[in-house]
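Architecture and fold: a report
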Amino acid sequence: VTAVFAPTDSVDSYANGVAVTDLYVYVSGWGYQSQKGYVVKYDPSLSFISSATFSLGGALPVTDSAMVRIAVDKTGNNIYTAGYYNNGANSDYLTTRFNSSLVRLSSAVFNGGSDDIPYDVAVDTMGDVFVTGVSTGANADFLTFRYSPGLIFKSSSVYDSGNQDLGASVALWGGYAYIAGYSNNGINNDFHTIRRTLGNGSILPAGCAAGLNVAKGVPNDYTSIQAAVDALDHNLGGDACVVIRDT
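Below, the structure is looked at part by part.

Scoring rules and cut-offs
Residues numbered from 1 in each chain as written. Predicted model: local features only at pLDDT ≥ 70, side-chain atom pairs only at ≥ 80, totals over all residues. Heavy atoms only, no water. Pairing = 2+ DSSP bridges. Helix = DSSP H or I, 4+ residues; strand = E, 2+ residues; numbered from the N terminus. Axes fitted to C-alpha atoms, helices over the stretch in contact; angles between N-to-C directions. Buried < 20%, exposed > 50% of the residue type's maximum accessible area, 1.4 Å probe, protein only. Salt bridge = Lys/Arg side-chain N within 4 Å of Asp/Glu carboxyl O.

Describing the sheet that holds strand β6 (residues 78-86)
Read from one edge to the other, the open sheet built from four strands follows the order β5-β6-β7-β8, with strand pairing classed as antiparallel. The open sheet has two free edges, formed respectively by β5 (66-72) and β8 (104-110), since each of these has just one partner strand. Pairwise comparison of adjacent strand axes, ignoring direction, gives a mean angle of 20° for this sheet. Sheet analysis places strand β7 (residues 91-99) next to β8, joined by six bridges and oriented antiparallel. Bridging across to β8, T95 finds its partner in A108.

Points about the pairing of β6
The buried fraction of β6 amounts to eight of the nine residues, a majority that puts the element mostly inside the structure. Bridging between β5 and β6 involves six bridges; their strand directions are antiparallel. Each bridged residue has a counterpart across the sheet, and for V72 the counterpart in β6 is I79. The hairpin formed by β5 and β6 contains five residues between the paired strands, and G76 there has a positive phi angle of roughly 80°. Hairpin geometry of β6 and β7 is characterised by an intervening segment of four residues between the two adjacent antiparallel strands and by a positive phi of about 105° at G88.

Thoughts on the sheet that holds strand β12 (residues 153-159)
Strand order in the open sheet made by the four strands is β9-β10-β11-β12, with antiparallel pairing throughout. Because the sheet does not close on itself, it has two edges, and the strands there are β9 (116-123) and β12. Strand-to-strand twist of the sheet, defined as the mean angle between neighbouring strand axes without regard to direction, takes the value 20°. In terms of strand pairing, strand β10 (residues 129-135) meets strand β11 (residues 141-147) through seven bridges, oriented antiparallel. Paired with V134 across the two strands is F142, which belongs to β11.

Some points on unusual backbone geometry
Residues apart from glycine generally show negative phi values, whereas peptide bonds are mostly found in trans. Its identity is not glycine, yet Q35 carries a phi of approximately 50°, on the positive side. As for its position among the elements, Q35 is in the loop between β2 (25-31) and β3 (36-42). Positive phi, normally seen in glycine, also occurs at L46, with a value near 70°. If you trace the backbone, L46 turns up in the loop between β3 and β4 (48-55).

Some details on the pattern of salt bridges
Scanning the model with the defined rule gives four salt bridges in all. For R146, the salt bridge identified is with D124, shortest N-O distance 3.5 Å. Of this pair, R146 sits in strand β11 while D124 sits in the loop between β9 and β10, placing them 22 residues apart in sequence. As far as the burial class goes, R146 and D124 line up, both buried. For D128, the salt bridge identified is with R146, shortest N-O distance 3.0 Å. Note that D128 is positioned in the loop between β9 and β10 and R146 in strand β11, a separation of 18 residues in sequence. Residue classification places R146 among the buried positions, given a relative accessible area of 5%. If you follow the salt bridges from partner to partner, you end up with D124, D128, R146 and K154 in one network.

Bear in mind that shape data such as this cannot, by itself, settle questions of function.
Below, the structure written as C-alpha coordinates:
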(Lines give C-alpha, C1' and ligand atoms only; values in the text may rest on other atoms or scores of the structure.)
Protein backbone atom coordinates (compact mmCIF):
# COMPACT_ATOMS: atom_id res chain seq x y z
CA VAL A 1 0.00 0.00 0.00
CA THR A 2 1.30 3.44 -0.87
CA ALA A 3 -0.06 6.97 -0.61
CA VAL A 4 1.00 10.02 -2.60
CA PHE A 5 0.27 13.59 -1.55
CA ALA A 6 1.05 16.24 -4.18
CA PRO A 7 0.22 19.82 -3.13
CA THR A 8 -1.23 21.81 -6.02
CA ASP A 9 0.73 24.93 -5.01
CA SER A 10 4.20 23.36 -5.08
CA VAL A 11 5.93 21.43 -7.86
CA ASP A 12 8.34 19.76 -5.44
CA SER A 13 7.26 18.57 -2.01
CA TYR A 14 9.06 16.54 0.63
CA ALA A 15 7.83 14.48 3.57
CA ASN A 16 10.14 14.51 6.60
CA GLY A 17 8.17 13.07 9.51
CA VAL A 18 5.57 10.45 10.38
CA ALA A 19 3.65 9.68 13.58
CA VAL A 20 1.15 6.90 14.19
CA THR A 21 -1.71 6.44 16.68
CA ASP A 22 -4.20 3.59 17.07
CA LEU A 23 -6.51 5.32 14.60
CA TYR A 24 -4.50 7.55 12.30
CA VAL A 25 -1.23 8.16 10.49
CA TYR A 26 0.09 11.73 10.34
CA VAL A 27 2.79 12.83 7.88
CA SER A 28 4.56 16.19 7.91
CA GLY A 29 6.49 17.86 5.12
CA TRP A 30 6.95 21.00 3.09
CA GLY A 31 6.81 22.43 -0.41
CA TYR A 32 9.86 23.97 -2.05
CA GLN A 33 8.09 26.42 -4.36
CA SER A 34 5.22 27.23 -2.00
CA GLN A 35 7.39 27.48 1.14
CA LYS A 36 4.47 26.01 3.06
CA GLY A 37 4.30 23.28 5.63
CA TYR A 38 1.85 20.40 5.21
CA VAL A 39 0.37 17.87 7.59
CA VAL A 40 -1.50 14.95 6.04
CA LYS A 41 -3.84 12.61 7.91
CA TYR A 42 -4.48 9.03 6.76
CA ASP A 43 -6.28 6.05 8.18
CA PRO A 44 -4.11 2.96 8.92
CA SER A 45 -4.60 1.69 5.36
CA LEU A 46 -3.23 5.04 4.09
CA SER A 47 -6.55 6.27 2.75
CA PHE A 48 -6.45 10.08 2.72
CA ILE A 49 -8.62 11.82 5.33
CA SER A 50 -7.52 15.47 5.43
CA SER A 51 -4.58 17.86 5.32
CA ALA A 52 -3.49 21.19 6.76
CA THR A 53 -1.34 23.88 5.13
CA PHE A 54 0.42 26.88 6.59
CA SER A 55 3.08 29.37 5.52
CA LEU A 56 6.72 28.95 6.50
CA GLY A 57 7.60 32.52 5.54
CA GLY A 58 10.52 33.79 3.52
CA ALA A 59 10.95 35.00 -0.04
CA LEU A 60 9.99 32.50 -2.74
CA PRO A 61 11.66 30.25 -3.49
CA VAL A 62 14.13 29.74 -0.65
CA THR A 63 15.71 26.62 0.75
CA ASP A 64 15.90 27.66 4.41
CA SER A 65 12.30 26.89 5.35
CA ALA A 66 11.05 23.37 6.04
CA MET A 67 8.71 21.25 8.12
CA VAL A 68 10.94 18.63 9.71
CA ARG A 69 9.29 16.27 12.23
CA ILE A 70 5.93 15.40 13.79
CA ALA A 71 4.80 13.85 17.09
CA VAL A 72 1.47 13.00 18.73
CA ASP A 73 0.69 13.02 22.45
CA LYS A 74 -0.59 9.94 24.25
CA THR A 75 -4.24 11.07 24.00
CA GLY A 76 -4.02 11.35 20.21
CA ASN A 77 -5.66 14.76 20.47
CA ASN A 78 -2.60 16.98 20.04
CA ILE A 79 -0.28 16.84 17.05
CA TYR A 80 3.00 18.78 17.10
CA THR A 81 5.26 19.68 14.22
CA ALA A 82 8.80 21.06 14.40
CA GLY A 83 10.14 23.05 11.50
CA TYR A 84 11.94 26.24 10.65
CA TYR A 85 11.02 29.28 8.64
CA ASN A 86 12.76 32.27 7.14
CA ASN A 87 12.10 35.59 8.89
CA GLY A 88 13.79 37.58 6.14
CA ALA A 89 17.20 37.50 7.79
CA ASN A 90 17.69 33.98 9.16
CA SER A 91 15.86 30.79 10.10
CA ASP A 92 13.85 30.35 13.31
CA TYR A 93 12.49 27.38 15.25
CA LEU A 94 8.77 26.97 14.53
CA THR A 95 6.79 24.53 16.68
CA THR A 96 3.09 24.16 15.87
CA ARG A 97 0.22 22.43 17.61
CA PHE A 98 -2.83 20.97 15.84
CA ASN A 99 -5.82 19.07 17.12
CA SER A 100 -6.72 15.68 15.67
CA SER A 101 -8.85 17.39 13.01
CA LEU A 102 -5.71 19.29 11.91
CA VAL A 103 -7.00 22.64 13.11
CA ARG A 104 -4.02 24.78 13.97
CA LEU A 105 -4.21 25.75 17.66
CA SER A 106 -0.97 27.52 18.55
CA SER A 107 2.66 28.05 17.61
CA ALA A 108 5.95 28.85 19.33
CA VAL A 109 8.83 30.63 17.58
CA PHE A 110 12.45 31.03 18.65
CA ASN A 111 14.79 33.50 16.97
CA GLY A 112 18.29 33.54 18.43
CA GLY A 113 19.53 36.12 15.94
CA SER A 114 21.20 33.62 13.65
CA ASP A 115 20.08 30.39 11.99
CA ASP A 116 18.16 28.21 14.46
CA ILE A 117 16.99 24.90 13.01
CA PRO A 118 15.08 22.14 14.84
CA TYR A 119 15.53 18.51 13.83
CA ASP A 120 13.17 16.56 16.07
CA VAL A 121 10.16 16.79 18.39
CA ALA A 122 8.87 14.43 21.09
CA VAL A 123 6.07 14.48 23.67
CA ASP A 124 6.38 13.10 27.21
CA THR A 125 3.69 11.26 29.19
CA MET A 126 2.55 14.52 30.80
CA GLY A 127 2.06 16.16 27.41
CA ASP A 128 5.09 18.45 27.52
CA VAL A 129 6.75 19.01 24.16
CA PHE A 130 10.51 18.77 23.56
CA VAL A 131 12.15 20.20 20.44
CA THR A 132 15.84 19.79 19.71
CA GLY A 133 18.12 21.04 16.97
CA VAL A 134 20.92 23.49 16.39
CA SER A 135 21.50 27.16 17.10
CA THR A 136 24.34 28.85 15.24
CA GLY A 137 26.39 31.78 16.47
CA ALA A 138 30.06 31.79 17.42
CA ASN A 139 29.69 28.06 16.77
CA ALA A 140 26.79 25.64 16.45
CA ASP A 141 25.28 24.20 19.65
CA PHE A 142 22.67 21.63 20.64
CA LEU A 143 19.52 23.61 21.55
CA THR A 144 16.55 21.91 23.21
CA PHE A 145 13.28 23.52 24.27
CA ARG A 146 10.59 22.26 26.61
CA TYR A 147 7.05 23.58 26.15
CA SER A 148 3.75 22.95 27.91
CA PRO A 149 1.06 21.10 25.93
CA GLY A 150 -0.21 24.52 24.81
CA LEU A 151 3.31 25.48 23.63
CA ILE A 152 4.02 27.84 26.50
CA PHE A 153 7.78 28.02 27.05
CA LYS A 154 8.97 26.16 30.15
CA SER A 155 12.73 25.83 29.76
CA SER A 156 15.66 25.40 27.40
CA SER A 157 18.99 23.62 27.43
CA VAL A 158 22.16 24.36 25.44
CA TYR A 159 25.09 22.01 24.97
CA ASP A 160 28.35 23.41 23.60
CA SER A 161 31.41 21.17 23.24
CA GLY A 162 33.46 24.17 22.13
CA ASN A 163 33.26 23.13 18.48
CA GLN A 164 30.41 22.60 16.03
CA ASP A 165 27.48 20.62 17.55
CA LEU A 166 24.09 19.60 16.21
CA GLY A 167 21.20 17.91 18.04
CA ALA A 168 19.40 15.65 15.57
CA SER A 169 17.01 13.51 17.62
CA VAL A 170 15.34 13.48 21.04
CA ALA A 171 13.76 10.60 22.98
CA LEU A 172 12.14 10.68 26.43
CA TRP A 173 12.27 7.86 28.97
CA GLY A 174 12.52 7.33 32.71
CA GLY A 175 12.65 11.02 33.58
CA TYR A 176 15.38 11.83 31.11
CA ALA A 177 15.67 13.47 27.71
CA TYR A 178 18.23 11.72 25.51
CA ILE A 179 19.50 13.90 22.68
CA ALA A 180 21.62 12.44 19.89
CA GLY A 181 23.54 14.29 17.22
CA TYR A 182 27.14 14.99 16.39
CA SER A 183 30.02 17.14 17.54
CA ASN A 184 33.21 18.14 15.81
CA ASN A 185 36.38 17.13 17.65
CA GLY A 186 38.51 19.68 15.82
CA ILE A 187 39.29 17.34 12.96
CA ASN A 188 36.13 15.43 12.10
CA ASN A 189 32.62 14.70 13.37
CA ASP A 190 31.65 12.09 15.98
CA PHE A 191 28.44 10.63 17.37
CA HIS A 192 27.43 12.67 20.41
CA THR A 193 24.65 11.74 22.83
CA ILE A 194 23.71 13.73 25.92
CA ARG A 195 21.25 13.10 28.74
CA ARG A 196 19.22 15.77 30.47
CA THR A 197 17.17 15.23 33.63
CA LEU A 198 13.51 16.22 33.35
CA GLY A 199 12.80 18.33 36.41
CA ASN A 200 9.53 19.89 37.50
CA GLY A 201 9.08 22.33 34.67
CA SER A 202 12.69 22.37 33.54
CA ILE A 203 15.44 20.41 31.90
CA LEU A 204 18.00 20.19 34.68
CA PRO A 205 21.71 20.54 33.87
CA ALA A 206 23.65 17.32 33.41
CA GLY A 207 24.59 15.80 36.75
CA CYS A 208 21.82 17.44 38.74
CA ALA A 209 19.91 15.07 40.97
CA ALA A 210 16.89 17.14 41.95
CA GLY A 211 14.87 20.24 41.19
CA LEU A 212 12.68 22.24 43.52
CA ASN A 213 10.13 25.00 43.10
CA VAL A 214 10.60 27.34 46.07
CA ALA A 215 8.11 30.12 46.76
CA LYS A 216 10.01 32.95 48.41
CA GLY A 217 8.04 35.18 50.75
CA VAL A 218 10.09 38.31 50.08
CA PRO A 219 13.26 39.12 48.13
CA ASN A 220 16.32 37.44 49.66
CA ASP A 221 14.12 35.00 51.61
CA TYR A 222 16.93 32.54 52.16
CA THR A 223 15.10 30.83 55.02
CA SER A 224 12.56 29.25 52.63
CA ILE A 225 15.33 28.14 50.29
CA GLN A 226 17.39 26.61 53.10
CA ALA A 227 14.35 24.81 54.50
CA ALA A 228 13.60 23.29 51.10
CA VAL A 229 17.19 22.12 50.70
CA ASP A 230 17.23 20.65 54.21
CA ALA A 231 14.10 18.64 53.34
CA LEU A 232 15.90 16.82 50.54
CA ASP A 233 17.30 13.34 50.87
CA HIS A 234 20.83 14.01 52.12
CA ASN A 235 22.29 11.19 50.03
CA LEU A 236 22.16 12.80 46.57
CA GLY A 237 25.50 11.49 45.35
CA GLY A 238 28.97 12.94 45.29
CA ASP A 239 28.60 14.91 42.08
CA ALA A 240 24.94 15.86 42.43
CA CYS A 241 23.65 19.40 42.39
CA VAL A 242 20.29 20.90 43.25
CA VAL A 243 18.42 23.47 41.12
CA ILE A 244 16.01 25.70 43.01
CA ARG A 245 13.59 27.94 41.15
CA ASP A 246 11.91 31.05 42.47
CA THR A 247 8.19 30.56 41.76
